[in-house]
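Results of the structural survey
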Protein chains: 2
Amino acid sequence: MTQTLIEPRRASPEAVVDVTRVAVSTVIFSLRRDPGTDRLAVVVPLVMRTRDPHEGQWALPGGWLDATESLDAAASRTLAETTAIAPSYLEQLYAFGAVDRSPTRVVSIVYWALVRPDEIPAAPVENVSWHDVAELPRLAFDHNHIVEYALWRLRNKVGYSRIAHGLLADEFTLAELREVYESILGRRLDPANFRRQAENSGTLIPTDRFRTGSHRPARFYRYNQDVELADRGPLASERTPENESSTS
Amino acid sequence: MTQTLIEPRRASPEAVVDVTRVAVSTVIFSLRRDPGTDRLAVVVPLVMRTRDPHEGQWALPGGWLDATESLDAAASRTLAETTAIAPSYLEQLYAFGAVDRSPTRVVSIVYWALVRPDEIPAAPVENVSWHDVAELPRLAFDHNHIVEYALWRLRNKVGYSRIAHGLLADEFTLAELREVYESILGRRLDPANFRRQAENSGTLIPTDRFRTGSHRPARFYRYNQDVELADRGPLASERTPENESSTS
DNA sequence: TCAAAAGTGTTTTGAATACACCCATGC
DNA sequence: GCATGGGTGTATTCAAAACACTTTTGA
C-alpha cells in the first residue's frame, strides 16, 4: 500500500517544464524502547524509494496531492497508506518549495504526526522501517532537513502543550509520562516536580487502577478529553472528521 | 504593479480539471495611528480584485508561484510588487488547501510580514488600501479566515520574541515600544514592569538621544542587531538574500 | 507651580527548581 | 528487613505583577 512519489498523469509532456506539482509528506513520530539500553527512543517510519529520483534511499512517507482532496485529507491518506493506523495528533508543519529540492519542481506540504506505540501494527509493512531520529541515514531530497525541523517543533511544543499524550496509551503512570518527556527533550526531569506540574495542569484524571511491579504500585491516569492536545488557534475549526483521532 | 490572481498559461485546456495551482499570498502587518482616537491600530494592505472570482472584493496581495522561484522568493516578489517596500520580517504562515476555497483548485502558501510604518510609501498604490484588522470587510476567498489566523500567530509570537521591533523605526522610546505591544495585544501594560522586562531582555541598546516633548524627555533605544527577531529553529538557515530585510 | 510622562523602588505572588524525606510493595 | 521506585513536604530562587513614589521637562 505504500505510495511513493511517481509521476502523475499529465495532459501533455510540454507542460512539464512549467508545472509545479504539490506533494504531501508526513513526519510520523512514535516511541520505541531500545532493547539494549532500555531507553525510549523517538522513531519515525521511512519508506525505501524504489525508483528515481533517489532510488534506494530512505524517504518520508508521502504522495501527490489529489485534485479532489484537502491537504489535511491527503496527509491522512498518506499516513494510513503507509502505516495503516490513524495518528493521535496531526498538524501541518511547513511548506517546502526550494527550486532545486527535486529534479522536477515539487512543493511539499509537510505534516507531522504522533502515533501511540501500541497502535503500530506488529506486522511490518513492505519497504517501511522505523528509524531512531538520533541515528538517521542520509535521506532522499531535503528530508533530513525536514525531520530536523519537525523535531525542533516537537521539542518546542512539548514544553507548552500536552502533545506528549499523543504518544501514550489511554492509561499511563506519571513515570511513563515523564519518560516520554525525557526522551523527547533529551534530559532527565525531577520526578517530584514533574508530578506537581502534571497534577496542576488540569488535564489528568486519576483512575483507581495501579501498575503493579516489583515495587510500590503506581497510579494509572487518563487524559481529560475536554482539553485539546494543543492550541491551534483559529485553525482548530478547520479540522475535518478524517483527521479526528481515536482520542475522541 | 499590483498582481492579482489571473489564470496562468497552461499547456492545454483539458488539463484544467486535473491541475492544482500554487499561489502565494502575504498578510502584511503594519501600524497606523487613528487620527480620531489617537490610538495605534494594526493594519493590513488589501488589493481590490478586478476580475472574477470575487471581482470587486478586497483580497490579500498575492500571485502565482513561478516555476523558477522559491516560495520565499515568491512571497518577497509579491510583497514588493504590492507595496514597493521590503518587510522587516517575513515568515511562512500556513498552506491553505481546502478543495472549495476557490472555484478552481488552488493551494495557497501564505506568508505574514511586518513593515515599519515609516517605510510605507506615502503615495498610494492603485487598487491597494490599508485596513484596520479590527474592522475588515468581507474578503475574497477564505482570506478573512487567513487574516484571523495570522493575527493569532502575531499575538502569540509577540509574547515570546521581539518581533514587535519589526514594526518600529531604528530608534524609539520605551513608551513607543510599549504602545506597539499594547496595540497588538489589545490591553494596557504597566510602564514600569514593561521597562524592566525590556531592559533585561538584552536586546535593547540605549542611545544618548532623547525624544523631547511637552514633558520629561524619553531616552531613545536601538535594537541589538546580533539578536534575531524570532527563533526560527533549523529553518533559519533557509533564509535567502532576497528575504533579508533592511534590519541587517 | 502644575500636569504629565519618564523612570525607580518595594512588596507580593506564583511557578520552577532542588532536594530531603516518607510510603508501599516484591523479594 | 531492604531495595526500589512511588509519592509528599519544604526551602530557595526567579520572574511577573501591582503600585507607591521620585524625577524632569513644557507650559
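An unreviewed UniProt entry lists chain A under the name ADP-ribose pyrophosphatase YjhB, NUDIX family, from Microbacterium pygmaeum.

**So, the overall build of chain A**
Helix and strand counts for chain A come out as four helices and ten strands. Secondary structure of chain A in N-to-C order comes out as β-β-β-β-α-β-β-β-α-β-α-α-β-β. Expressed as a percentage of the 248 residues in chain A, the buried residues total 52%. Restricting to contacts in chain A with at least 6 residues of sequence separation, those with at least 24 account for 65%. For chain A, the accessible surface area stands at approximately 12000 Å², while carbon and sulfur atoms represent 50% of it.

**Structural notes on the protein's contact with DNA strand C**
Around DNA strand C lies a shell of 20 residues, among which A:Asn193, A:Ser214, A:Arg216, B:Arg195 and B:Arg196 are the nearest. For DNA strand C, the fraction of atoms within 4 Å of the protein that belong to sugar or phosphate moieties is 61%. Here a phosphate oxygen of DNA strand C sits 3.2 Å away from a polar atom, N or O, in the main chain of B:Arg219. Elements supplying a minimum of two residues to the surface near DNA strand C: helix 4 (191-200) of chain A together with helix 3 (174-185), helix 4 (191-200) and strand 10 (218-223) of chain B. Classifying every residue of the surface near DNA strand C by side-chain character gives six nonpolar, six polar and eight charged.

**With respect to the pairing of strand 1 (residues 21-33) of chain A**
Residue and element names in this part refer to chain A. Extensive coverage of strand 1 is indicated by the burial of eleven of its 13 residues. Bridge count between strand 1 and strand 4 (residues 62-64): three bridges; the pairing is antiparallel. For alanine 23, the partnering residue across the bridge sits in strand 4 and is tryptophan 64. In this sheet, strand 2 (residues 40-48) lies alongside strand 1 in antiparallel orientation, the contact comprising four bridges. Bridged to arginine 32 within strand 2 is alanine 41.

**Description of the packing of aromatic side chains**
Enumeration over the complete set of coordinates arrives at 14 aromatic pairs over all chains. Summarising the aromatic geometry, the rings of A:Tyr149 and A:Trp152 are spaced 5.8 Å apart at their centres and angled 20° between planes, so their arrangement reads as stacked. Taken together, the positions of A:Tyr149 and A:Trp152, both in helix 2 (residues 143-160) and three residues apart, correspond to about one turn of that helix. Between B:Tyr89 and B:Trp112, the ring centres sit 5.5 Å apart and the planes meet at 65°, which makes this aromatic pair edge-to-face.

Definitions and limits used
Residues numbered from 1 in each chain as written. Chains lettered and ligands numbered in written order. Predicted model: local features only at pLDDT ≥ 70, side-chain atom pairs only at ≥ 80, totals over all residues. Heavy atoms only, no water. Helix = DSSP H or I, 4+ residues; strand = E, 2+ residues; numbered from the N terminus. Buried < 20%, exposed > 50% of the residue type's maximum accessible area, 1.4 Å probe, protein only. Contact = heavy atoms within 4.5 Å. Areas by Shrake-Rupley, 256 points an atom, 1.4 Å probe, with all protein chains shown as cover. Near = heavy atom within 4 Å. Polar contact = N/O pair within 3.5 Å; in protein donor to acceptor, adjacent residues only side chain to side chain. Nonpolar A, V, L, I, M, F, W, Y, C, P; charged D, E, K, R; others polar. Pairing = 2+ DSSP bridges. Phe/Tyr/Trp six-rings, centres within 6.5 Å; stacked < 30°, edge-to-face > 60°.

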